[in-house]
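# An overview of the molecular structure
The primary structure of each chain is shown beneath.
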Amino acid sequence: MTADVISALAAELGNEILFGDDIPARNKRDWNSPDPVCPIAVARPAMPEGVAAVQRICATHGVAVVPQGGLTGLCGGAQPVAGCVALSLERLVGIEEIDPVSSTMTVRAGTTLEAVQKAAAEAGLFCALDLGARGSCSVGGNLSTNAGGNRVIRYGMAREMVLGIEVALPDGTLMTSLNKMLKNNAGYDLKQLFIGSEGTLGVITRIVLRLFPQPAATMTAVCGLADYDAVLRMLAGARQTLGPLLSAFEVMWPDYFDTATRRLPSIRRPLAGDHGIYVLLEAQGNDPVSDPRHFEAWLGGLLEAGVVEDAAIAQSVADATSFWDVRDAGAEFKALIGAFGSFDIGLPVDRMNDFVRICQSTLSAELPGCASFFFGHIADGNMHIMVGMPGVATPPLKAIDEVVYRLVRQHGGTISSEHGIGVKKKAYLPYSRTPEEIALMKTLKAALDPKGILNPGKVV
Ligand code: FAD
């Protein structure tokens, strides 16, 4: 069977298919999957029709297909399964059109998010989606995971930034629905089925993205506050006073902030003193004169009222970048603490701080030696946690998962706010979804992929 499918793929795709020793190491695993798995072949079609052909041929031969974008996913969704063909989107790249009238971009799914952001900026428009992996992740992967990132508070998640989509279905049908209209209620909104389904229902080949006006002023500040109550007061004030200008509200607990800014040589500490908790705040406006004044006046008022203890406002793009570097430093913690468990849990905003305390104390009690670090997109109800065991080469990652997800369940939260389920969180899906929800997910999967060959074993 392996030889048959490879020769059928080679006949259809020519040199777009790699097998044997030509399979690159990068296609054997995604960002932090521990054990590489070699697919029987890597297909790298450069056109949507090639993606559909791979699906059709694999369906005919009953061979599993695993879609791969930029391979920055954090829960094993793009990790090959034994005997599969890895369907890499790395050559399906390029921007097909920027339409300034409808304010849209039509783009191929393998294009990196950074290339999309740059092209939008060059056209005088703004791609609001942004995340730390922007240079490597693909826009198709962003949709497949319904990525969140830094500006959800203002623009929503990836799902909210899409108007149209083209998908290769598991049987090889190419479904083109490249809608550009903001309103289109003609029947089911099929694109939403594929956004956030982690490549289990279809392979996204092209996308119509919504673009926004390019902000004329971006204000960024790092603030030190006494406690989480002050953070909640600041958030309420930011929503009230900055209104739609508020574009990011990130919170870092001291274990994270101090480790990032005192132990990582590449990260500059923006505030001199120590505080109970830290906020990175961004606002974007269209008036380069009055918006920064409005922002500074509001922040000055918070300092005078004692809600904020200290604040640094970026005076340049370099300052703003260095503030964001603190927030994005998580990936570098491996050099300090070794292997760690990484979480993107969600909780109601007012329960976040209680959760931090309970999670820290439970981890210490049940798994002595654990070091935990808390930060995240708190205004979206999304907290990131990194938990390692410094000095221990193979920390008990499964036991760490058990503790964190058990507490999330007890607090009525979600086991995934933005990264998805993949294989890593599959066992915990019932912690956040009812049996009826999971049954419906399985019904949808069976309807679109009756042979169960597209990204098998992932999500449900
Ligand atoms: P991959 O890792 O290649 O794949 C992810 C999933 O999508 C897999 O299930 C795969 O099978 C499927 N897939 C990929 N392409 C397609 C396609 N065209 N059609 C159908 N299925 C497909 N995520 C956030 O949400 N917010 C963040 O702030 C964030 N920050 C990050 C920072 C760093 C440093 C890193 C390493 C990761 C971060 N992530 C974040 C996670 C990751 O970048 C996102 O999940 C991203 O959307 C994955 O895109 P990708 O192209 O790398 O997808």
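The present account deals with the structure reproduced in this document. In this text, all values refer to a predicted model and were calculated from it rather than measured experimentally. (Residues numbered from 1 in each chain as written. Predicted model: local features only at pLDDT ≥ 70, side-chain atom pairs only at ≥ 80, totals over all residues. Heavy atoms only, no water.)

### A few points about helix α12 (residues 352-366)
- The terminal C-alpha atoms of α12, which comprises 15 residues, lie 21 Å apart, in line with the 21 Å expected from a rise of 1.5 Å per residue.
- Looking at the buried side of α12, the elements it contacts are α7 (228-242), β16 (340-346), β17 (371-376), β18 (382-388) and α13 (397-410). (Helix = DSSP H or I, 4+ residues; strand = E, 2+ residues; numbered from the N terminus. Expected span 1.5 Å × (residues − 1). Contact = heavy atoms within 4.5 Å.)

### Brief notes about the state of the cysteines
- For the coordinates displayed, the defined rule picks out zero disulfides.
- The structure places no disulfide on Cys58, whose sulfur is separated from the nearest cysteine sulfur, that of Cys84, by 8.9 Å.
- Residue classification places Cys58 among the buried positions, given a relative accessible area of 0%.
- Cys370 takes part in no disulfide bond, and the closest cysteine sulfur to it belongs to Cys359, at a distance of 9.2 Å.
- Assessed through its relative accessible area of 16%, Cys370 is described here as buried. (Disulfide = S-S within 2.5 Å. Buried < 20%, exposed > 50% of the residue type's maximum accessible area, 1.4 Å probe, protein only.)

### A closer look at the site of the ligand
- Taken together, 35 residues surround the ligand, and among them Pro67, Gly69, Thr72, Gly73 and Ser138 come closest.
- Interatomic distance of 3.0 Å between a backbone N/O atom of Glu198 and an oxygen atom of the ligand.
- Here the ligand loses 94% of its free accessible area of 980 Å² to cover by the protein chains.
- Elements supplying a minimum of two residues to the shell around the ligand: β3 (65-68), α4 (139-144) and β10 (203-210). (Near = heavy atom within 4 Å. Polar contact = N/O pair within 3.5 Å; in protein donor to acceptor, adjacent residues only side chain to side chain. Areas by Shrake-Rupley, 256 points an atom, 1.4 Å probe, with all protein chains shown as cover.)

### Thoughts on the environment of Asp449
- Take Asp449: it is sitting in the segment after α15 (435-448).
- For the pair formed by Asp449 and Leu169, sequence separation is 280 residues and the distance between their alpha carbons is 8.0 Å.
- Not counting residues up to four positions away in its chain, the partners in contact with Asp449 are Pro170, Thr200 and Leu454.

### Observations concerning the packing of aromatic side chains
- In this structure the tally under the stated criterion is 11 aromatic pairs.
- Ring geometry for Phe333 against Phe373: centres 5.1 Å apart, planes inclined by 80°, an arrangement best described as edge-to-face. With Phe333 in the loop between α10 (317-327) and α11 (334-337) and Phe373 in strand β17, this pair connects stretches of sequence that are 40 residues apart.
- The buried category is assigned to Phe333, whose relative accessible area is 0%. (Phe/Tyr/Trp six-rings, centres within 6.5 Å; stacked < 30°, edge-to-face > 60°.)

Without other data, these values stay purely geometric and don't point to any function.
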